[in-house]
Amino acid sequence: MRRMRVLRRMLRKYRDAKKIDKHMYHELYLKVKGNVYKNKRVLMESIHKNKAEKLREKAIAEQYDSRRTKNKAARLRKLERREERLAQGLNFEKK
């Protein structure tokens, strides 16, 4: 019981300090309740690992979005050039 109180207190401090958001707090709280973490050090390592994973996923998502917008712009430019060449070819034949 004492360990659980210590871990819950630590979670509360992290949440109040905005080191973890309410969703991560709830998830970790339930894990503490389920006796997943042996001590504060293990809980802290888990928090750092989760935060690093979230940052990594966010960076990957941003890269994906930027690549997607870049490819979309390139596709539009290519289509415009193709239409422009087609229009010039038709004008050339009419003269």
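Parameters at a glance
- Residues numbered from 1 in each chain as written.
- Predicted model: local features only at pLDDT ≥ 70, side-chain atom pairs only at ≥ 80, totals over all residues.
- Heavy atoms only, no water.
- Helix = DSSP H or I, 4+ residues; strand = E, 2+ residues; numbered from the N terminus.
- Expected span 1.5 Å × (residues − 1).
- Buried < 20%, exposed > 50% of the residue type's maximum accessible area, 1.4 Å probe, protein only.
- Arc of directions from axis to C-beta.
- Salt bridge = Lys/Arg side-chain N within 4 Å of Asp/Glu carboxyl O.
- Phe/Tyr/Trp six-rings, centres within 6.5 Å; stacked < 30°, edge-to-face > 60°.
- Lys NZ or Arg CZ within 6 Å of the ring centre and 35° of its normal.

Trainee: How should helix 1 (residues 2–16) be read in this particular structure?
Mentor: Two residues of an α-helix separated by three or four positions point the same way, owing to the 3.6 residues in each turn. Over its 15 residues, helix 1 extends 21 Å from the first C-alpha to the last, a length consistent with the 21 Å expected when each residue adds 1.5 Å. For helix 1, the set of buried residues is Leu7, Arg8, Met10, Leu11 and Tyr14. For helix 1, the angular spread of the buried residues around the axis is 160°, confining them to a single face. In helix 1, the exposed positions that point more than 90 degrees away from the buried face belong to Arg2, Arg5, Lys13 and Asp16. Of the residues flanking the end of helix 1, it is Lys18, one or two places downstream, whose phi is positive at about 65°.

Trainee: How should the pattern of salt bridges be read in this particular structure?
Mentor: Once the charged atoms of two side chains with opposite charge are near each other, the side chains can pair. This structure, assessed with the given rule, holds four salt bridges. The partner of Asp21 in a salt bridge is Lys54, with the nearest N and O atoms 3.6 Å apart. Of this pair, Asp21 sits in the loop between helix 1 and helix 2 (22–33) while Lys54 sits in helix 3 (residues 40–94), and the two are 33 residues apart along the sequence. For Asp21, a relative accessible area of 32% translates into the label partly exposed. The shortest N-O distance in the salt bridge between Glu53 and Arg56 comes to 3.0 Å. Pair noted here: Glu53 and Arg56 are both in helix 3, with a separation of three residues, about one helical turn. Residue classification places Glu53 among the partly exposed positions, given a relative accessible area of 33%.

Trainee: Explain the packing of aromatic side chains here, please?
Mentor: The geometry of an aromatic ring pair is captured by the separation of the ring centres together with the interplanar angle, meaning the angle of the planes. Throughout the structure, instances matching the rule amount to one aromatic pair. Ring centres 5.8 Å apart and planes at 40° place the aromatic pair Tyr25 and Tyr29 in the tilted group. Placement of the pair is Tyr25 and Tyr29 together in helix 2, with a separation of four residues, close to one helical turn. Tyr25 gets classed as buried once you look at its relative accessible area, which sits at 13%. Over the ring of Tyr25 we find Arg15; its NZ or CZ atom is 4.1 Å from the centre of that ring. Across from the ring centre of Tyr14, 4.8 Å away, lies the NZ or CZ of Lys19, which sits over that ring.

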